[in-house]
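Survey of secondary and tertiary structure
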Amino acid sequence: MTPRMIILNGASSSGKSGIARCLQTVLPEPWLTFGIDSLIDAMPASMQSADDGIGLGDDGGVHIGDTFRRLEAAWAEGLVTMARAGARIIVDDVFLGAATAQERWRTHLGDLDVLWAGVHCDPAVATSRETARGDRIPGMAARQAHLVHQGVRYDIEVDTTRTEALDCARAIAARVR
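Below, the structure is looked at part by part. (Residues numbered from 1 in each chain as written. Predicted model: local features only at pLDDT ≥ 70, side-chain atom pairs only at ≥ 80, totals over all residues. Heavy atoms only, no water.)

A short note on the layout of surface pockets
Estimated volume of the largest pocket: approximately 790 Å³. Forming the walls of the largest pocket are 42 residues, and the residues nearest its centre are Ile-36, Asp-37, Ile-40, Val-94 and Arg-136. (1 Å grid on protein atoms, 1.4 Å probe; cavity = no way out; pocket = protein on both sides within 12 Å on 5 of 7 lines; lining within 4 Å. Points joined across faces, edges and corners; volume = space filled by probe spheres on them.)

Describing the pattern of salt bridges
It is possible for side chains of opposite charge to pair when their charged atoms get near one another. Counting across every chain of the model gives 6 salt bridges. Ionic pairing is found between Arg-88 and Glu-29, a salt bridge with its closest N-O pair at 2.7 Å. Of this pair, Arg-88 sits in the loop between helix H3 (66–84) and strand S5 (89–93) while Glu-29 sits in the loop between helix H1 (16–26) and strand S2 (32–35), placing them 59 residues apart in sequence. The exposure class assigned to Glu-29 is partly exposed, which follows from its relative accessible area of 40%. Among the ionic pairs, Glu-72 bridges to Arg-69, the shortest N-O distance being 2.6 Å. Taken together, the residues span about one helical turn, with Glu-72 and Arg-69 both in helix H3 at a distance of 3 residues. (Salt bridge = Lys/Arg side-chain N within 4 Å of Asp/Glu carboxyl O. Helix = DSSP H or I, 4+ residues; strand = E, 2+ residues; numbered from the N terminus. Buried < 20%, exposed > 50% of the residue type's maximum accessible area, 1.4 Å probe, protein only.)

Focus: the packing of aromatic side chains
Applying the stated criterion to the full structure yields 2 aromatic pairs. Taking the centre distance of 6.1 Å and the plane angle of 65 degrees together, the rings of Trp-75 and Trp-105 count as edge-to-face. You can see Trp-75 sitting in helix H3 and its partner Trp-105 sitting in helix H4 (residues 99–109), a full 30 residues away along the chain. Using a relative accessible area of 15% as the deciding quantity, one classes Trp-75 as buried. Pairing Phe-95 with Trp-116 gives two aromatic rings, centres 6.4 Å apart and planes at 70 degrees, and the pair type is edge-to-face. Of the two residues, Phe-95 sits in the loop between S5 and H4 while Trp-116 sits in strand S6 (residues 114–120), which places them 21 residues apart along the sequence. (Phe/Tyr/Trp six-rings, centres within 6.5 Å; stacked < 30°, edge-to-face > 60°.)

Some words on the packing of H1 against helix H7 (residues 165–176)
The description of two packed helices rests on the angle between their axes and on the distance between the axes. Following both chains from N to C, one finds H1 and H7 inclined at 60 degrees, their axes separated by 8 Å at the closest point. With respect to H7, the element H1 is oriented oblique. Crossing of H1 over H7 shows right-handed handedness. Two secondary-structure elements touch here, H1 through Gly-18, Ile-19, Cys-22, Leu-23 and Val-26 and H7 through Ala-165, Leu-166, Cys-168, Ala-169, Arg-170, Ile-172 and Ala-173. Across the contact of H1 with H7, the residue classes break down as 10 nonpolar, 1 polar and 1 charged. (Axes fitted to C-alpha atoms, helices over the stretch in contact; angles between N-to-C directions. Parallel < 35°, antiparallel > 145°, perpendicular 65-115°, else oblique. Left-handed = near helix turned anticlockwise from the far one by under 90°. Contact = heavy atoms within 4.5 Å. Nonpolar A, V, L, I, M, F, W, Y, C, P; charged D, E, K, R; others polar.)

What follows is the structure in structure tokens.
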């Protein structure tokens, strides 16, 4: 299998974006990277507080509404279309619905070859990163740390607690070749 897409799933501040950038460096062909944060940033500000958009609770909880889900589905379909057209795509996502979120992706992917990569990080380490970033709601990383992986099936799993993003990317890249 030579995947057209690599889908990285992990909690907020687990190291997915760093791994995605490192994958672009270590993989021999050009790969484009797209993250769920970019989709959220692309939405109008009103979507980030509306019941049908995406809501962030003071405790780090995330509420997803119907309009957000429709836009997310269109985004996923667009990324799959790009992969089918010849682009190689790395997706940096947070499966808030865990196995249900993976099934939503599978619906869009059809028979497209994909490498599923789980990105783990000790909740305390992710919380420290979250604090250092300053752009996350406190508690989000710890709340998501185990939730996003429940029932999800991976081709490879990496842990950024004590392993650098580059080493994780090399392990994932070895599965691509």
